[in-house]
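Summary of the model geometry
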Amino acid sequence: MYLDQITNDELADVGRLTEMTIRAGMTVMRTVTQYKERQMAELTVELKEYRLANPLLPKGDISDLSYFWASDSLPKQTVQEMPGRIKERMEALLAGLERQGIVLAGPDSWTLTEPGRKVIYDKNFVQDALKADIEYAGKVQQAAGQKAPILQDAGGETVWRSTGEELRRIKETAAGNPKEAMKALQQIARALKRDEKLCGGELQTAIDRTMREIVVEGKPPAETIAELTETVGHSADELLINFNDLTMRTENEIRREAVKAAAAGAKAPAVAAAPIIAAAGALADGVQKAERQITR
């Protein structure tokens, strides 16, 4: 697949999946660093949940063994349906791992051996695998940004942005353009009022109070919005807003949608669907080629 063959739907799905992978990977990484080697067995449930919530984007290297955090076997059909270059890498990787006694090839699938199980829960492997996920997702996101600089409007696709980040952006805008800041604040207020779960909640109350203080009481916009941001900004980080239709959802709700989209059509629950793998691979390769050209 070439970059110009990636559809807007695939770009949106890849963007959501990689964003969630980076966030979740960094969260789990922080947890792992606090554990000693002998305590790693206590993390099996958390690693399984991470892998299921963030379907694997295969890279064809040893870090792909993290698939087995979520499943005891990898169907051969799943590998067969991967894009050509990635399929070749995965087959070569699995063949090498079989020779090392880490996986066992059966008629329909590869299964993890007991020595393999020790490998995937080794602290160094866990940290390296999470780091590989985060770095690969970062490369994909970088290239996705180059292909669609304003992902929020790319082809009219739905894109979710952190409400907390938006409030902090509005605070910066208020210093030089208070009217624009108020307009953006009103958009968030309208979105909150349209959502039955959020209407009348703490965030809407705080925003309404801020707008009233600015419009009715004549308080300075920049300082008043800055106070609002300090009060509710961080608590709003898990709430995402779509400025295309002014809908709002929690990050967990968006994560579930991203997982469903990425796993659609996949034969294994912990592996992303083939079109998503292909799009991510093309984007990552584009970044790698650019990096090589820069270093020459």
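Residues numbered from 1 in each chain as written. Predicted model: local features only at pLDDT ≥ 70, side-chain atom pairs only at ≥ 80, totals over all residues. Heavy atoms only, no water.

**Considerations on the pattern of salt bridges**
Tallying each qualifying case throughout the model produces eight salt bridges. Here R51 and D133 are joined by a salt bridge, their closest N and O atoms 2.9 Å apart. Residue R51 is found in helix α2 (residues 44–53), and its partner D133 is found in helix α6 (residues 123–147); the two are separated by 82 residues along the sequence. Residue R51 shares its accessibility class with D133, and that shared class is buried. Its salt-bridge partner being D133, residue K59 comes within 3.2 Å of it at the nearest N-O pair. Here K59, found in the loop between α2 and β1 (73–75), pairs with D133, found in helix α6; they are 74 residues apart in sequence, far enough to count as distant. (Salt bridge = Lys/Arg side-chain N within 4 Å of Asp/Glu carboxyl O. Helix = DSSP H or I, 4+ residues; strand = E, 2+ residues; numbered from the N terminus. Buried < 20%, exposed > 50% of the residue type's maximum accessible area, 1.4 Å probe, protein only.)

**Quick word on the packing of aromatic side chains**
Inspection of the entire model under this criterion finds three aromatic pairs. Arranged with centres 5.2 Å apart and planes meeting at 85°, the rings of Y67 and F68 form a pair that is edge-to-face. Here Y67 and F68 have matching classes, each one buried. Relative to F125, the ring of W69 lies with its centre 6.3 Å away and its plane at 80°, an arrangement referred to as edge-to-face. Taken together, the residues span a long stretch of sequence, with W69 in the loop between α2 and β1 and F125 in helix α6 at a distance of 56 residues. No difference in accessibility class separates W69 from F125, as the two residues are buried. Each member of the aromatic cluster is reached from another via a ring pair, and the members are Y50, W69 and F125. A cation over a ring is seen here: K59 above Y136, with NZ or CZ 5.5 Å from the ring centre. Note that K76 overlies the ring of W110, its terminal NZ or CZ placed 5.4 Å from the centroid. (Phe/Tyr/Trp six-rings, centres within 6.5 Å; stacked < 30°, edge-to-face > 60°. Lys NZ or Arg CZ within 6 Å of the ring centre and 35° of its normal.)

**Some words on the sheet that holds strand β5 (residues 239–242)**
One open sheet accounts for three strands, arranged β4-β5-β6; its pairing is antiparallel. Edge strands, defined here as strands with exactly one partner in the open sheet, are β4 (161–162) and β6 (247–250). As paired elements, β5 and β6 share four bridges and run antiparallel to each other. Its bridge partner being in β6, L239 is matched across the sheet by T250. (Pairing = 2+ DSSP bridges.)

**Focus: the confidence of the model for the protein chain**
On average, residues of the protein chain score 79 in pLDDT, and 79% of them are at 70 or above. Per-element confidence in the protein chain ranges from a low mean pLDDT of 57 for helix α11 (residues 251–263) to a high of 95 for strand β2 (residues 103–105). Segment residues 147–158: pLDDT under 50, and 23 contacts once partners within four positions in sequence are set aside and those in other chains are kept. Segment residues 287–296: pLDDT under 50, and five contacts once partners within four positions in sequence are set aside and those in other chains are kept. (pLDDT = per-residue confidence, 0-100. Contact = heavy atoms within 4.5 Å.)

**What about the packing of helix α9 (residues 202–215) against helix α10 (residues 221–232)?**
At a minimum axis distance of 10 Å, the contact between α9 and α10 shows a crossing angle of 165°. What the angle tells us is that α9 and α10 run roughly antiparallel. Of the two possible hands of crossing, α9 and α10 adopt the one that is right-handed. Mapping the contact onto sequence places L203, A206, I207, T210, E213 and I214 in α9 and P221, T224, I225, L228 and V232 in α10. Of the residues belonging to the contact of α9 with α10, the class tally is eight nonpolar, two polar and one charged. (Axes fitted to C-alpha atoms, helices over the stretch in contact; angles between N-to-C directions. Parallel < 35°, antiparallel > 145°, perpendicular 65-115°, else oblique. Left-handed = near helix turned anticlockwise from the far one by under 90°. Nonpolar A, V, L, I, M, F, W, Y, C, P; charged D, E, K, R; others polar.)

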